[in-house]
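# Summary of structural features
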Amino acid sequence: MKLKVTLLLFLNVGFFAFAQESLTYQKPSKSILDLADYERAPTVSMDTKKEYMLLMYRPTYKTLDDLNQEELRLGGLRINPITNISSTVTYLNNLKVRKINSTAEVQVSGLPSNPKISNISWSPNDKKILFSHTTATGVELWILDVATASATKLTEGTVNANLGNPFNWFSDNETILVKMLPKNRQPLLDAKKDLPTGPIISNTSGEKSQNRTYPDMLKNKNDEVNFENIVTSELYKVNLKGDAVLFKDAAMYFGERISPDGNYIMLTTLQKPFSYVVPLYRFPSRTIVYDSRGKEIKTVNEVPLNEIIPKGFMAVRKGKREMAWRNDKPATLAFVTALDEGDPANKVEFRDEVFLWDAPFTNNPTSLVKTPQRFSDVTWGNDNIAIISDEWYDTRNTKTYLINPSNPSEQPKLITDRNAQDVYSDPGTFETKKNEYNKYVLAIENDNAFRIGQGFTKTGQFPFIDEFNLKTLKSKRIYTSSYKDKKEDLLEIEDFKSGKVLVQIQSKSEYPNYYFRNIKKQNSLTPITAFKNPFESIKDVSKEVIKYKRKDGVELSGTLYLPAGYDKVKKEKLPLLIWAYPAEYKDKNSAGQVTQNSNEFTVPYYGSFVYWVTKGYAVLDDAAFPIIGEGTTEPNDNFISQLVDNAEAAINAVDALGYINRKKVAVGGHSYGAFMTANLLTHSNLFACGIARSGAYNRTLTPFGFQTEQRNYWEVPQVYNTMSPFMNADKMKTPILLVHGEADNNPGTFTLQTERYFQALKGLGANARMVILPKEAHSYVAKENILHLLWEQDQFLEKYLKN
């Protein structure tokens, strides 16, 4: 019965078209199905000391029944009002524990039947693991004892997980702060039964504000009442026996942060008025610090409704923001305020100022440092050392500084000044380790910090570890991965003195596995896991990163797959599939850098065309499609011409190798890649057909910016109109398969975008097919829908490309 209902929904969404097709769910051909229908390997989580690992299992896909649940869409949330947890959660269904120095996996005992596990959280001392279990009627809190691999329920299904992770460990490893449903909670209003008492009225203030097109906003007074209902919680202290003591009365708790020493708790609550145009994180809020017994110490922040914000990605609200406990101090708050009123258009010497504020906040906050650009991040080290960074989107610049938190008058020392998109110059990320408060701080050994870098270069990817001297600000390379037939990811340094590093190693046909590497001993590699390759049928396909140039000299790249056994001497002419996603840059050098690694393990999934290498296609995956705007020119000023040039260069490159029939080329993409696909089919004759999934095709429906476009429609109407496939639907002459999730939750890519674009194409006589996937959001997760999607794509490509 549920399947019939779902299919009725599928048919109803096409009511405007002239012809609908009654079709039940299909499965793709065997070679694709064998790859798609596989068993997912577990995810691994290790304790800090690397003594134990938690193996977390989940189904490869959700089911349509998983998606067919009660749902409220309020304030940017999607909530199951019966269970009181996000309706989009992906659950684990099993847990195992393993000692890292052993191969024996121990099944966790005591787990609930049919477990639906989420919100995994290790205790500060790594001896316990908290998790939630969602029943048919609510969320329960459970605890896992790591040493005995046994699980116990702590609470009934009254936990409120509607705003995400509902619990926090105290530093004593014995107490947990838990958000629970209020005992006097009122029933939700029913829109069908509880009639409105008046119209919906909104006003403007006369101030300019460029808000993106957000989904799932509040729409009326009933929504306001229900929103307040679902986000309101009581706070309890729960011990390891399950005893619960009320800590704070009911309120709309939006953030709970315990000080490193455990003596203070900073609680943020949402306030009214709510908004119908922005999500809950821009609603008013109040932040109060309490002591561990619940006594109010200080109101440290009051944030008004934030509907009005200046234009630009570097725009921020006025007042205190980024408020958090300093990890290296017992109880010191750090926060940032804008010195340019949050408006990037204002010209000032410094954009932001960072402040420190010691509990119990009897003194005023003290200034720590001012940043020339917008504050980005801080890594605390100790009394005398911290690393701070700032950024500016318009120039793509980012800077990193060494500061002395104990002496604000001491000038910050510049460490790096670089283009954030220049991956070849990326110096890496500073390594951290846990301190006495079990908080992560900058790892410092003998005046040296350490940076782990991804190691992209012109000749390949070679991850590295650098020793960075905090006095001389000079770097010394202490390890470089030398693999040319594998890919090594350096995850974290476990022992700085001995040189023990946790790494992950993979190849084209070898599943990613964990190892300990000793960087001070040559070829010292100790395996930790041994996960098998679930995709044996494609282990022998040809895979290489090819490099080529656009006609203006911009260097491009893509990962080329050829069928197993393909004869590169005889060179049979194959049909070519190109999968891509455009990216914006401010300079040609960064745009031309290669971030693909041909030794990365090949994982076929619905987000690429790799499946079709088993059916005799050549596939160019992750083809580079840079859109460049240098100087005062914005990337989108020449979007269409650059898009076509990128496509032409890709086809020319593979054709020059002699592998393809250039008359049989298809292009595809998801989201902005779908937008790209529709434009390529509209403005070029390079392709035989295309597949566009979950895209936005009418940019006037996202008038205050999209993707990385900061200008609004009324500033550059010609850019919005030229880039919109909907506005140029009369030019479409190439077959296109349009796919969209029925419940898309991504800003701007409403399902209506595909429905209206299809209606235009249909009315203008274009060759188009539209498939709406029931219950799916922006990313597709249900097995029934994904397998049917692969069938649709396969049928479409066989009809319009291969044959």
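Note that the structure is predicted; figures quoted are calculated from it, not measured.

### A look at unusual backbone geometry
Cis geometry marks the peptide bond from Lys272 to Pro273; its omega dihedral reads 10 degrees. If you trace the backbone, Pro273 turns up in the loop between strand 17 (264-270) and strand 18 (285-291). With omega at 10 degrees, the peptide bond leading from Ala359 into Pro360 counts as cis. Positionally, Pro360 belongs in the loop between strand 22 (352-358) and strand 23 (366-371).

### Quick look at the sheet that holds strand 40 (residues 542-549)
Strand order in the open sheet formed by 8 strands is 40-41-44-42-46-47-48-49, with mixed pairing between adjacent strands. The open sheet has two edge strands with one neighbour each: strand 40 and strand 49 (768-773). Along the sheet, successive strands turn relative to each other by an average axial angle of 20 degrees, direction set aside. The sheet contact formed by strand 40 and strand 41 (residues 555-562) spans 8 bridges and is antiparallel.

### With respect to the side chain of Ser481
Its place among the elements puts Ser481 in the loop between strand 35 (475-480) and strand 36 (487-495). A distance of 2.7 Å separates polar atoms of two side chains, one belonging to Ser481 and the other to Glu488. Residue contacts for Ser481: discarding those within four places in its chain leaves Phe462, Pro463 and Glu488.

### With respect to the environment of Leu556
You can see Leu556 is positioned in strand 41. Spatially, the C-alpha atoms of Leu556 and Glu224 are 50 Å apart, while their sequence positions differ by 332 residues. Sequence-distant contacts of Leu556, defined by excluding residues within four places in its chain, comprise Ile546, Lys547, Tyr548, Lys549, Arg550, Ala624, Pro626, Asn646 and Ala649.

### Re the nonpolar core
Counting 62 residues, the largest nonpolar core has Ile578, Leu620 and Phe687 as its most contacted members. Sort the elements by how many residues they give to this core and helix 6 (residues 639-656) lands first, with 10 residues. If we ignore the near neighbours within four places in the chain, the residues touching Phe687 are Ile578, Ala647, Ile651, Val665, Ala666, Val667, Leu680, Leu681 and Thr734. Listed in part, the 35 residues of the second largest apolar core include Tyr38, Val541, Val771 and Leu797.

### Section: the pairing of strand 8 (residues 117-122)
Where strand 8 and strand 9 (residues 128-134) come together, 4 bridges link them in antiparallel fashion. From the neighbouring strand, Ile117 faces strand 9, where its bridge partner is His133. The turn linking strand 8 back onto strand 9 is made up of 5 residues, and Asp126 within it adopts a positive phi angle of 70 degrees.

### Section: helix 6
For the α-helix, the turn length of 3.6 residues means that residues three or four positions removed from each other point alike. Here helix 6 contains 18 residues, and its C-alpha end-to-end distance of 26 Å stays within 8% of the 26 Å for a straight helix at 1.5 Å per residue. With 13 of 18 residues buried, helix 6 lies mostly within the body of the structure. Once helix 6 finishes, Gly658 follows within two positions and takes phi at roughly 85 degrees, a positive value.

### Considering the packing of aromatic side chains
Considering all chains together, one arrives at 33 aromatic pairs under this definition. Ring centres of Tyr511 and Phe601 lie 5.3 Å apart, and the angle between their planes is 65 degrees; this geometry places the pair in the edge-to-face category. Of this pair, Tyr511 sits in the loop between strand 37 (500-506) and strand 38 (513-518) while Phe601 sits in the loop between helix 5 (588-591) and strand 44 (618-623), placing them 90 residues apart in sequence. Classification of Phe601 as buried rests on a relative accessible area of 6%. Aromatic ring contacts, followed pair by pair, group Tyr581, Phe639, Tyr672, Phe675, Phe704, Phe706, Tyr713, Trp714 and Tyr720 into a single cluster. Over the ring of Phe464 we find Arg477; its NZ or CZ atom is 3.7 Å from the centre of that ring. Lying across the ring of Phe706, Arg699 places its NZ or CZ 4.2 Å from the centre.

### Thoughts on the pattern of salt bridges
Counted by the stated rule, this structure contains 38 salt bridges. A salt bridge links Lys783 to Asp37, with the shortest nitrogen-to-oxygen separation between them at 3.0 Å. One end of the pair, Lys783, is in helix 10 (residues 783-802); the other, Asp37, is in the loop between helix 2 (30-36) and strand 1 (43-46), and 746 residues separate them in sequence. The exposure class of Lys783 is partly exposed, given its relative accessible area of 29%. Between Arg477 and Asp466 there is a salt bridge, with the nearest N and O atoms lying 2.7 Å from each other. Here the residue Arg477 occupies a position in strand 35, and Asp466 occupies one in strand 34 (residues 464-469), the gap between them amounting to 11 residues. For Arg477, a relative accessible area of 45% puts it in the partly exposed group. Taken together, the shared-partner salt bridges in this structure form one network comprising Arg321, Asp340, Arg351, Asp352 and Arg374.

Procedures and definitions
Residues numbered from 1 in each chain as written. Predicted model: local features only at pLDDT ≥ 70, side-chain atom pairs only at ≥ 80, totals over all residues. Heavy atoms only, no water. Helix = DSSP H or I, 4+ residues; strand = E, 2+ residues; numbered from the N terminus. Pairing = 2+ DSSP bridges. Axes fitted to C-alpha atoms, helices over the stretch in contact; angles between N-to-C directions. Polar contact = N/O pair within 3.5 Å; in protein donor to acceptor, adjacent residues only side chain to side chain. Contact = heavy atoms within 4.5 Å. Core = buried A, V, L, I, M, F, W, Y, C linked by side-chain atoms within 4.5 Å. Buried < 20%, exposed > 50% of the residue type's maximum accessible area, 1.4 Å probe, protein only. Expected span 1.5 Å × (residues − 1). Phe/Tyr/Trp six-rings, centres within 6.5 Å; stacked < 30°, edge-to-face > 60°. Lys NZ or Arg CZ within 6 Å of the ring centre and 35° of its normal. Salt bridge = Lys/Arg side-chain N within 4 Å of Asp/Glu carboxyl O.

Such coordinate-based values are descriptive only and should not be taken to indicate function.
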